[in-house]
Amino acid sequence: MVNQYEVHSVDPATGGEAGILAFAQQKRLAFKEQVTLYTDDTKQTPLLGFKARQVIDLGATYDVTDVNGQPIGLFRKSFAASLLRSTWVLEQPGYGEITGQERNQWVAILRRFVDSLSWLPYHFDFTIQGRPAFSVVRKWGLRDTYRVSIHDPSLDRRLVVAMAVALDALQSR
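Counting of residues starts from 1 at the beginning of each chain's written sequence and follows it residue by residue. Only residues with pLDDT of at least 70 get local features here, since the model is predicted, and only at 80 or more are side-chain atom pairs given and counted; chain-wide, interface and lining totals rely on the full set of residues. To obtain the side-chain values, all non-hydrogen atoms of the structure were used and water was disregarded.

J.: Can you walk me through the nonpolar core in this structure?
T.: What tends to happen in soluble globular proteins is that the nonpolar side chains get buried as a cluster. Judged by nonpolar contacts, the single largest core of 35 residues is most densely connected at Phe-50, Phe-75, Phe-126, Phe-134 and Met-163. We count a stretch as a helix when DSSP gives it H or I for four or more residues in a row; a strand needs E for two or more, and each element gets its number in order from the N terminus. At ten residues, helix α2 (residues 157-170) tops the list of elements feeding residues into this core. In these notes, a set of buried Ala, Val, Leu, Ile, Met, Phe, Trp, Tyr and Cys residues joined through side-chain atoms within 4.5 Å is what counts as a nonpolar core. Buried residues are those whose accessible area, probed at 1.4 Å on protein chains only, stays under 20% of the maximum for their type, while exposed residues exceed 50% and partly exposed ones sit between those limits.

Below you can see the structure in the form of structure tokens.
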């Protein structure tokens, strides 16, 4: 099995899915975690990607780069803070540190300690200096669907998309 990701815009008139913005497939059993996002499922035109700096995944840092390899930002899991409630830290050049944490601690604990409940939806709120930056909500359904809301217009949307894909790809590790 391979994890596939489609990133869609939202149709402002209906609130439903609109055109595809990006497509990715996560390689399984990779020595170093790496995900490349493309313009569509033909995987002909890359948009951006993220790659782990180190092989060991505990608190690994992931560099996010554009199609030319230029840095967009980075993210890492805060291992100690994530023991009971997953916590991620993002950095965008010229911007402060952005911290994201699962909103509901009880859902976080249940997902960790009861394997049969790992499917429970989760909600991450990301803040910068106490202000909302963006949120990622895993919705109920047969397919994993995530709703990403960007509250800070200064954030690089590519970094937000990379983090949203990473939450699904890396969260259960």
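Let us keep going from here.
J.: I'm lost on the environment of Phe-113 in this one. Help?
T.: Examined against the element boundaries, Phe-113 turns out to sit in helix α1 (residues 105-113). Spatially, the C-alpha atoms of Phe-113 and Leu-84 are 9.8 Å apart, while their sequence positions differ by 29 residues.

J.: Help me understand the sheet that holds strand β7 (residues 87-91) in this model?
T.: Backbone-to-backbone hydrogen bonds join strands into a sheet, with any given pair of strands oriented parallel or antiparallel. Taken together, eleven strands build an open sheet; the order of strands is β1-β2-β3-β4-β5-β6-β7-β8-β9-β10-β11 and the sheet is antiparallel. Looking along the sheet, the strands with just one partner apiece sit at the ends: β1 (3-10) and β11 (145-150). Adjacent strand axes in the sheet meet at a mean angle of 20 degrees when their direction is disregarded. A pair of strands is treated as paired once DSSP finds two or more bridges between them. In the sheet, strand β6 (residues 71-77) pairs with β7 via four bridges, with the strands oriented antiparallel. Looking at β7, one finds that Leu-74 is bridged to Glu-91. The contact rule is simple, with two residues in contact once any of their heavy atoms fall within 4.5 Å. The axes are straight lines fitted to the C-alpha atoms, using for helices just the contacting stretch, and the angles between their N-to-C directions are given from 0 to 180°. Packed onto the sheet, α2 meets β1, β2 (17-26), β3 (34-38), β4 (46-52), β5 (61-66), β6, β7, β9 (123-128), β10 (131-139) and β11 and runs at close to 30 degrees relative to β6.

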